[in-house]
Each structure stands twice: as C-alpha cells, then as structure tokens.
Amino acid sequence: MENKILTDDELLERIDAIGIPFGRHGYDPYGVDRRELLKNFKRLNWMTQNYFKLRTHGTHNIPAKGRGMLVGNHSGGFGLDGGMVIASAFFDLNPPRLAQGMADKFIGNMPFMSALSNGLGQFTGLPEHAERLLEEDRLLMVFPEGHKGTAKLYKERDTLVNFGSGFLRLALQHKAPIIPFTFVGGGEAVPTVMNLYKLGKAMGVPYVPITPWIVALPLPVRMELIFSEPMYFDGNGNEPDEVIEGWVQQVKERIAGLLRQGRAVREGHLHPEEIRWD
Amino acid sequence: MGLKVVVTGAAGKLGSLVCRHLVHAGHEVIGLDPRRGVNVPAGVEIIAADIRKRTAEEVFRSRKPDAVIHMATMAEGRVSRDERERINLQGTRALFDHCHNYGVKSLVFIGRHTFYGAAADAPLYRKVDDPPRAIHRYPELADLVAADLYAGSALWRYPEIHTSVLRICYTLGPMKHGTLAHYLKGPKVPMALGFDPLFQIIHEDDVVAAICLALEKQIRGVFNVTGPPPLPLSALIEEAGREVVALPAGILRRVQGRFGLPRLARGAIAHLQHPVIIDGKRFVEATGFEYAFDDEVAIRAFATGTGTGHPAPRR
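Residues numbered from 1 in each chain as written. Chains lettered and ligands numbered in written order. Predicted model: local features only at pLDDT ≥ 70, side-chain atom pairs only at ≥ 80, totals over all residues.

Counting secondary structure elements, chain B contains 10 helices and 15 strands. On C-alpha atoms alone, chain B measures out to a radius of gyration of 19 Å, which is about the 20 Å that the 2.2 N^0.38 rule sets for 315 residues. Along the first, second and third principal axes, the C-alpha set of chain B runs to 55 × 40 × 40 Å. Across the 315 residues in chain B, those meeting the buried criterion constitute 50%. (Helix = DSSP H or I, 4+ residues; strand = E, 2+ residues; numbered from the N terminus. Rg over C-alpha atoms; globule rule 2.2 N^0.38 Å. Buried ≥ 20, exposed ≤ 12 C-beta atoms within 10 Å, placed from the backbone.)

As a further point, take the environment of Ala 42 of chain B. Mapped onto the elements, Ala 42 of chain B comes out in the loop between strand 2 (28-32) and strand 3 (45-47). Along the backbone, Ala 42 of chain B and Cys 212 of chain B are 170 residues apart, and their C-alpha atoms lie at a distance of 18 Å.

Once that is clear, we can look at the environment of Ile 87 of chain B. Relative to the helices and strands, Ile 87 of chain B resides in helix 3 (residues 81-101). Sequence separation between Ile 87 of chain B and Ala 147 of chain B is 60 residues; the distance between their C-alpha atoms is 9.8 Å.

Residues and elements named next belong to chain A. Between helix 2 (residues 34-51) and helix 3 (residues 80-91), the least distance of the axes is 10 Å, while the angle of their chain directions is 100 degrees. It follows that helix 2 is roughly perpendicular to helix 3 by the angle criterion. Note on element contacts: helix 3 touches helix 2 through Gly 83, Ile 86, Ala 87, Phe 90 and Phe 91, opposite Phe 41, Leu 44, Asn 45 and Thr 48. Residue classes in the contact of helix 2 with helix 3 are distributed as six nonpolar, three polar and no charged. (Axes fitted to C-alpha atoms, helices over the stretch in contact; angles between N-to-C directions. Parallel < 35°, antiparallel > 145°, perpendicular 65-115°, else oblique. Contact = placed C-beta atoms within 7 Å. Nonpolar A, V, L, I, M, F, W, Y, C, P; charged D, E, K, R; others polar.)

Residue and element names in this part refer to chain A. Spatially, the seven strands line up as an open sheet ordered 1-9-6-2-5-3-4, and their pairing is mixed. In the strand order of this sheet, the two ends are held by strand 1 (53-57) and strand 4 (123-124), each with one partner. As defined by bridge partners, strand 2 (residues 68-72) adjoins strand 5 (residues 139-142) across four bridges and the pair is classed as parallel. Residue pairing across strands places Leu 70 opposite Met 141, the latter belonging to strand 5. (Pairing = 2+ DSSP bridges.)

The next thing to look at is the interface of chain B and chain A. Facing 17 residues of chain B, the contacting portion of chain A comprises 20 residues. Grouping the amino acids of the side of chain B that touches chain A by side-chain chemistry returns 12 nonpolar, two polar and three charged.

It is worth spelling out the sheet that holds strand 7 (residues 162-168) of chain B at this point. Across a sheet, paired strands are connected by hydrogen bonds in the backbone, their directions being either parallel or antiparallel. Residue and element names in this part refer to chain B. Pairing in this open sheet of seven strands is parallel, and the strands run 3-2-1-4-5-7-12 from one edge to the other. The open sheet is flanked by strand 3 and strand 12 (221-225), the only strands paired with a single partner. Averaged over all adjacent pairs, the angle separating strand axes in this sheet is 20 degrees, with direction ignored. Across three bridges, strand 2 lies against strand 3 in parallel orientation. Across the sheet, Leu 32 pairs through a bridge with Ile 47, a residue of strand 3. Where helix 6 (residues 204-216) meets the sheet, its contacts fall on strand 1 (4-8), strand 4 (67-70), strand 5 (106-112), strand 7 and strand 12, and the angle it forms with strand 5 comes to roughly 150 degrees.

This brings us to the confidence of the model for chain B. Residues and elements named next belong to chain B. Across chain B, the average pLDDT comes to 91, with 96% of residues at or above 70. When the elements of chain B are averaged for pLDDT, helix 8 (residues 249-255) gives the smallest value, 85, and strand 12 the largest, 98. Counting interchain partners and residues more than four positions distant, the pLDDT-below-50 stretch residues 309-315 has 17 contacts. Model confidence for the complex is summarised by a pTM of 0.89, with the ipTM given as 0.84. (pLDDT = per-residue confidence, 0-100.)

Structure (structure tokens):
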C-alpha cells in the first residue's frame with residue numbers, strides 16, 4: 001500500500017472514480033453516501049498509514065472492473081479484516097473500487113451502526129443484496145465463516161471455521177470470479193481472550209469480545225493482506241450439495257494456504273515476492 | 001375509443017385527480033363515493049354510494065362499465081378499525097363480485113408499497129413476489145395487506161377479468177395527499193435517532209398517469225409503481241423545509257401526536273428505521289411508464305402546494 005495521506009479533494013476524486021451513480025443528494029440508489037465514504041476513507045487512510053502496519057499483496061488479482069467476489073477469512077476481534085480489505089480496494093487499485101461486504105443482520109437493528117454501514121455500502125447479508133450487487137458488476141466481499149469467524153479467540157486466530165456454501169452458488173449463478181484472500185494480524189491486533197455471549201445478547205449483538213485490557217481497542221500491529229488469483233468453477237449453481245461442497249473446500253484450501261504464507265510473511269520467514277498466487 | 005370506467009373513492013384527493021385525468025383522456029367516468037360535496041371534478045358523475053351497498057351494485061347492473069379503478073381502501077383512521085376492515089375487505093370483495101357478475105373486463109386495485117413491511121433483515125428492494133414482513137408489528141396495516149393479497153387472488157378466481165394490483169410508493173405533491181404528506185405536515189418532523197432510511201416518492205401526477213396507463217394497457221398481475229430513485233429521509237424532510245426532530249425510537253413512540261409532532265401508528269416507527277423500497281422494473285416493462293417529475297419537483301410541489309397543471313404532462 002502506497003505511503004501517503006490524501007487530501008479531501010484527492011479522496012473525493014478517488015471516490016468519484018469508483019463509478020457509483022450518486023444522485024442529487026450524494027446517495028446512490030442503495031443509500032451509499034458520498035460524504036460518509038469520504039469520512040470513512042479519511043479515517044482508513046490515517047489508520048493504515050499511521051496506526052496499523054498494513055501490507056497488501058496481490059491486489060493485481062482483483063478484477064479492475066466487472067463483478068467479483070472477494071472471499072476470505074475472519075481473523076478475530078471484529079470487522080477489522082473487512083475494513084482493511086475496503087481500504088486496500090480503494091487505495092491500492094487504480095481506478096479504485098468499493099468492496100461491499102454483507103453485514104451481520106444484528107447491525108440493521110442498531111441505531112447509527114445501521115445507517116453508517118448502509119451509507120458505506122455494507123448491506124445486510126442477504127442473498128437478494130448479493131445478487132443485486134453482482135448483477136450491477138460491483139465488488140462483493142464475503143466472509144463465509146460468518147460471525148463464528150469473528151468470534152475466534154487469540155489462540156484460534158489463524159484457523160478456519162466451517163464455511164457456508166451460499167457464496168459459491170451465488171458466484172456460479174451470476175458468473176462471478178471468486179478472489180480468495182487472507183488477512184493475518186487481526187488476531188494480534190485484537191487478542192480476544194473470551195467472548196461474552198450473554199452480555200452481547202442483552203446489548204443486541206452476538207457477543208462482546210474481551211481482551212487482556214478489557215475493551216477491544218485494536219493494537220497497532222503488523223497486518224498482511226494477500227489476494228490470490230481468481231477461481232472459476234464450471235457450473236450454474238444448480239449442482240447437488242456434494243459438488244458445491246467440494247468446490248467450497250477448494251476455496252477453503254486456497255485460503256488456508258494463503259493464511260500459512262501470510263503468517264510466514266508476517267514473521268519474516270517468507271519474502272513477499274515468493275508468495276504463490278494459486 | 002373511450003371506456004366506461006367506475007372509480008371507487010372518487011371524491012378523495014387522488015381519486016378526483018384520476019377522474020379528471022380519465023375524463024380528459026376521453027373516458028366516461030362514474031365515481032362511487034359515499035362522501036358528499038368534496039372534490040368533484042367537472043364531467044364526472046358522482047354517485048353517493050357505499051361499494052358494499054345495493055346502490056353500488058345497481059350501478060354495475062344498469063350501467064355495465066368496462067373497467068373499474070378501485071381506490072376505496074383506507075389507511076388511517078377517520079373510522080373505527082372494525083369499520084375500516086369492512087371497507088377494505090368486504091368492499092373489495094363486493095367490487096370483484098360485481099365485476100365478475102356484470103362482465104367488467106378490467107380492474108385496477110390501488111395498493112400501497114407499505115404492504116411489504118419494514119424490517120431490519122428485509123432486502124432493500126422488494127419485488128412483487130416478496131411476501132409481506134413484520135405484519136405483527138404493524139397491526140394497523142393488516143387489513144390492507146389482506147386486501148392486497150385478496151385482490152391478487154382474483155387473478156385465479158376470476159381469470160376473465162384483467163386484474164392488476166398496483167403497489168405504489170409514497171405519493172407527494174400539491175394535493176398533500178397520503179400517508180407521507182400527513183407525516184410531513186407540521187413544521188417539526190420526527191425521525192428515529194440513529195436511523196436514516198431511504199424513502200421512495202412519486203409525484204401525484206405521475207401516480208395518476210401510472211394508474212391510467214395500467215387501465216389502458218389492460219395489464220394483468222401485481223406491479224410495484226415507482227418514480228425517481230429513493231432519497232434518505234433526512235434529505236426529504238430538509239428539502240420540504242421542515243425541521244428534523246431526532247428522537248430514540250422508544251421515546252418517539254410515546255411522544256408521537258404531541259408537542260407538534262404528527263400522530264403515528266405504533267408500527268409506523270419501524271418505517272422510520274428501515275427502508276421499504278420497491279423495484280418498479282416490471283411495471284415499466286409492462287406499460288412503458290416513465291415518470292415526468294423528479295423528487296425535487298415533487299417535494300417542492302408538496303411544500304408550496306403548487307407546481308403542476310393537470311392533467312399530468314408526459315415526458
């Protein structure tokens with residue numbers, strides 16, 4: 001990722017270069033908010049330059065235009081991984097792209113959070129939303145582990161939990177390439193020692209992560225984000241479950257391999273130029 | 001060639017606009033409405049009859065209309081809930097039976113996009129095959145949801161009638177007609193703190209044009225009717241020259257109808273939190289409908305009470 005703090009004008013220029021059809025009020029037909037994007041990218045720009053030490057690899061594997069599905073692992077804590085993917089797609093790609101994630105359903109009920117996540121193009125995780133975004137040739141970001149993935153504890157940080165298969169059927173039905181990615185370092189940034197599920201339930205969230213310093217403020221650690229070559233499967237999405245499951249496993253294995261490489265890069269055992277993209 | 005059209009709810013704000021448009025387009029219009037002495041456009045014959053009563057049936061028997069536009073359903077309450085349910089459901093039933101018994105060829109049912117219901121986990125754009133959501137949280141809408149589905153069932157019960165059910169988004173315009181106009185009525189307009197859902201509006205004149213188009217094209221089926229792309233509620237309120245009062249949803253529930261804030265049904269609060277946006281592509285494909293007025297014009301027309309001449313010009 002290039003080392004630079006952009007001005008508001010430069011950020012707006014990049015936001016407009018994404019090609020989102022903003023209307024008169026600066027909102028697109030889904031409520032993606034130009035001003036909210038500016039605020040968010042300003043924040044991400046500062047965070048990735050001054051706070052976290054984020055390195056991105058393989059961004060050339062993300063399609064420059066047209067639909068695509070970024071599929072990766074959660075690495076503990078909360079949606080830090082998603083934020084870093086959004087930052088990478090915006091700051092690393094030319095022209096920039098907006099990675100649109102599928103937010104957990106509980107967010108839709110939370111004041112401010114729901115308005116914010118929608119304004120940033122992070123819609124509630126529904127197949128209908130994914131289909132619409134793909135049909136409009138946007139870039140979708142999917143974490144097939146779901147919130148069980150963000151709930152990983154420190155010791156589980158670089159493992160993968162069960163993958164859902166819905167994303168793969170969607171990719172096949174809409175002929176979208178799958179770009180597997182891995183994110184390493186989130187577990188170190190937010191080393192979760194336990195998750196409070198009952199407190200979470202009372203607060204209307206799935207759980208509340210607890211770190212050694214209690215609140216889940218992330219540490220400024222080194223993080224690696226690796227995008228691999230796109231994967232295509234020859235199918236239409238109507239294949240039986242066992243066929244789909246086999247392909248999901250292929251994606252999962254690709255991500256597991258990336259994860260091992262990411263760990264090695266982060267610890268200095270592997271030079272970034274030696275990363276295998278397939 | 002003009003049609004003989006019965007319009008129920010013809011004395012209402014939108015009803016009278018539809019009548020005027022139909023007369024202008026060369027149709028013969030018979031309005032049915034028990035309300036007296038309001039909004040009767042020139043050239044429209046208004047018969048003061050309740051659609052559930054004998055007088056209404058007599059109109060069908062003796063006048064043999066070609067088509068019906070059914071606008072006599074009620075959203076909020078000048079009458080009791082029981083009475084409203086009877087108007088919305090028994091009335092709709094009676095009307096379909098008359099159409100069947102007296103050879104009416106087409107019927108346009110005017111429904112509402114609120115049919116779909118507001119919920120945090122509902123898709124942003126609703127299609128006509130989406131089921132209604134969260135009815136239990138908005139019981140005031142239940143009979144309208146039922147009336148909509150009942151009207152749709154005419155497609156198989158009376159297949160000889162060209163039935164179209166139009167689910168129309170919020171209307172806005174100089175007549176200040178409808179639910180949204182009521183909500184935006186006062187100088188202070190409440191919002192649920194921390195939420196800013198998208199709202200979809202269509203100019204009154206565009207709605208009238210869409211309804212008449214549905215009649216003339218004799219489309220069959222269920223359709224969403226929309227105008228310009230949606231805009232956030234906060235932008236809508238500000239552009240209408242109103243002041244936003246953002247309150248937590250729990251408090252809003254208690255203070256609605258007081259302190260200069262509009263009276264809202266309990267379930268309506270959810271509609272200030274989650275969007276109900278409809279996908280109107282199917283209607284456009286079936287009729288070639290194009291809206292003539294964008295949101296800016298519609299909001300200005302509403303805010304100033306002026307704006308356009310009737311009937312609606314077409315783009």
